[in-house]
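Residue strings, one per chain:
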Amino acid sequence: MSDCLFCRIASGELPAELVYEDDDVLAFRDIHPKAPTHVLLIPRRHVPTLADAEDPALLALLMQRVQYVADEVLGLAAGYRVVINVREGGGQEVFHLHIHILGGKKMPF
Ligand code: AMP
Ligand code: ZN
């Protein structure tokens, strides 16, 4: 999707501060971090929202990559928060599925 911001990052057309990538996903730092560590993990494949992600294998893969990136790449041993905003009412602004990984401080409720 050439008009999708995160597809353009995934293709390398737009720059991002990548922390991890493989054939299926990439993870990069949020440009407006809301915690000392704030990374977005996305599937390379364009999926607009969590509600559109019908493939159980994709959902499992995303969660496995969240574990790996948070612990092995970002070193968030003390813990972290995982957030997925879904549609406008959930605060979603970019309509390419992304998982926020937030850490580096004690997260308030
Ligand atoms: P959401 O509100 O869940 O859709 O989150 C979108 C996130 O994308 C926000 O936290 C933005 O700060 C972040 N964001 C927007 N544009 C970029 C970009 N070019 N590179 C990195 N993060 C971005
Ligand atoms: Zn996209």
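Residue numbering note: each chain is counted from 1, following its sequence as written. Lettering of chains starts at A and numbering of ligands starts at 1, both following the order in which they are written. Local features in this predicted model are restricted to residues of pLDDT 70 or higher, and side-chain atom pairs are both shown and tallied only at a pLDDT of 80 or more, whereas totals for entire chains, interfaces and linings draw on every residue. Just so you know, side-chain values use all the structure's heavy atoms and leave hydrogens and water out.

Peer 1: What is the right way to read the coordination of the zinc ion (ligand 2) from this model?
Peer 2: Tetrahedral coordination by four donors places them ideally at 109.5 degrees to one another around the metal; octahedral coordination by six donors ideally gives 90 or 180 degrees. Here a donor is any nitrogen, oxygen or sulfur atom (N, O, S) within 2.8 Å of the metal, with 3.2 Å used for Na, K and Ca; water is not among the atoms considered, so some sites may look incomplete. Coordination sphere of the zinc ion (ligand 2), protein contribution only: Cys4 (SG), Cys7 (SG), His46 (ND1) and His96 (ND1), at 2.0 to 2.3 Å. Viewed at the metal, the four donor atoms of the zinc ion (ligand 2) are separated by angles of 105 to 117 degrees, and the geometry they form is tetrahedral. Irregular is the label for any site that misses the other tests, which are tetrahedral for four donors with all angles between 85 and 135 degrees, and square planar for four donors or octahedral for six when opposite donors exceed 155 degrees and the remaining angles lie between 65 and 115.

Peer 1: Which parts of the structure should I look at to understand the site of ligand 1?
Peer 2: Here, proximity means that at least one heavy atom of the residue falls within 4 Å of the molecule or strand. Taken together, 17 residues are adjacent to ligand 1, and Asp30, Asn85, Gly91, Glu93 and His98 come closest. Contacts described as polar in this section are N or O atom pairs within 3.5 Å, which, within protein, must combine one atom able to donate a hydrogen with one able to accept it, while residues neighboring in sequence count only if both atoms come from side chains. In this structure, an oxygen atom belonging to ligand 1 sits 2.9 Å away from a side-chain N or O atom of His100. Per-residue and other accessible areas were derived by the Shrake-Rupley procedure at a 1.4 Å probe size, with only the shown protein chains allowed to occlude residues. Isolated, ligand 1 exposes 500 Å² of accessible area, and the fraction of that covered by the protein chains is 87%. Secondary structure elements follow DSSP: runs of H or I of four or more residues count as helices, runs of E of two or more count as strands, with numbering from the N terminus. Elements that contribute at least two residues to the shell around ligand 1 include exactly helix H1 (5–10) and strand S2 (25–29). Here the shell around ligand 1 takes three residues from H1, the largest share from any one element. The residue inventory of the shell around ligand 1, partitioned by class, reads seven nonpolar, six polar and four charged. Throughout, the ten residues Ala, Val, Leu, Ile, Met, Phe, Trp, Tyr, Cys and Pro are labelled nonpolar, Asp, Glu, Lys and Arg are labelled charged, and all others, Gly among them, are labelled polar.

Peer 1: Help me understand the nonpolar core, please; the structure alone is not making it clear to me.
Peer 2: Generally speaking, soluble globular proteins have nonpolar side chains that are buried together. Counting residues in each nonpolar core, the largest one holds 17 residues, and the members touching the most others are Ala27, Leu41, Leu62, Val69, Leu74 and Ile101. When contributions to this core are tallied by element, the ones reaching two or more residues are S2, strand S3 (37–43), helix H2 (56–73) and strand S5 (99–103). Counting residues per element, this core draws most heavily on H2, which supplies five residues. The contact rule is simple, with two residues in contact once any of their heavy atoms fall within 4.5 Å. Among residues more than four places away in sequence, those in contact with Leu74 are Val19, Arg29, Thr37, Val39, Val69 and Ile101. As used here, the term nonpolar core means buried Ala, Val, Leu, Ile, Met, Phe, Trp, Tyr and Cys residues forming a set that is joined through side-chain atoms within 4.5 Å. Here's how the labels work: a residue is buried when its accessible area is under 20% of the maximum for its type, exposed when over 50%, partly exposed in between, all with a 1.4 Å probe on protein chains only. Within the second largest apolar cluster, ten residues are counted, among which are Cys4, Phe6, Cys7 and Leu40.

Peer 1: I'm lost on the environment of Leu76 in this one. Help?
Peer 2: Secondary-structure assignment places Leu76 in the loop between H2 and strand S4 (80–83). By relative accessible area, which is 7% here, Leu76 ends up buried. The spacing of Leu76 and Gln64 is twelve residues in sequence and 15 Å in space, taken between C-alpha atoms.

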